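Chain residues, written in single-letter form:
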Amino acid sequence: MDAKLEQLETTLNNINVFNAGKKREEAVALLAKLLPEVESFQVETQRLRDTIAHERRNASFQREINADLCVRRSKSAV
């Protein structure tokens, strides 16, 4: 994806009055190729964010359970 982004950036940076039509079409074609990869990347990053949030909730819940067990253990030892 990085190479395609660089190619798009180069194409956009090279647009001038004399080649605007051709370069615009080239940029549109590059965007059309890049868009599915960007969408897939967004889906994957959202999935990872969701996983991280879920794991953080699990870790927090596990800390609560551990604290409760420590309290129970100390009460039963007395």
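Figured I'd write up the structure that's included with this text. Note that the structure is predicted; figures quoted are calculated from it, not measured.

Further remarks concern the overall build of the protein chain. Looking only at helices and strands, the protein chain has two helices and zero strands in total. In summary, the protein chain has a C-alpha radius of gyration of 26 Å against a globular reference of 12 Å for 78 residues, an excess of more than 25%. Evaluated residue by residue, the protein chain yields a buried proportion of 9% over its 78 residues. Within the structure as shown, the protein chain displays about 6700 Å² of accessible surface, and the carbon and sulfur contribution to it stands at 59%.

Relative to the helices and strands, Thr11 resides in helix H1 (residues 2-13). Among the residues examined, Thr11 registers a relative accessible area of 3% and is labelled buried. In this structure Thr11 touches Lys23, Glu26, Ala27 and Leu30, once residues within four positions along its chain are discounted.

Moving on, we come to helix H2 (residues 20-77). Given a rise of 1.5 Å per residue, 58 residues ought to cover 86 Å, and the 81 Å separating the end C-alpha atoms of H2 matches this to within 8%. If you look at H2, its biggest bend is around 35 degrees, right at Leu34, and the proline Pro36 turns up within four residues after that. Buried residues of H2: Lys23, Ala27, Leu30 and Leu34, and no others. As for H2, its buried residues are in contact with H1.

Within the structure shown, the criterion is met by five salt bridges. Across the salt bridge formed by Glu37 and Lys4, the nearest N and O atoms sit 2.4 Å from each other. Within this pair, whereas Glu37 is found in helix H2, its partner Lys4 is found in helix H1, the two being separated by 33 residues in sequence. The class for Lys4 is partly exposed, based on a relative accessible area of 33%. Glu25 is the partner of Arg24 in a salt bridge, and the nearest nitrogen-oxygen pair spans 3.3 Å.

Basis of the calculations
- Residues numbered from 1 in each chain as written.
- Predicted model: local features only at pLDDT ≥ 70, side-chain atom pairs only at ≥ 80, totals over all residues.
- Heavy atoms only, no water.
- Helix = DSSP H or I, 4+ residues; strand = E, 2+ residues; numbered from the N terminus.
- Rg over C-alpha atoms; globule rule 2.2 N^0.38 Å.
- Buried < 20%, exposed > 50% of the residue type's maximum accessible area, 1.4 Å probe, protein only.
- Areas by Shrake-Rupley, 256 points an atom, 1.4 Å probe, with all protein chains shown as cover.
- Contact = heavy atoms within 4.5 Å.
- Expected span 1.5 Å × (residues − 1).
- Bend = angle between axes of the 7 residues up to and from the residue.
- Salt bridge = Lys/Arg side-chain N within 4 Å of Asp/Glu carboxyl O.

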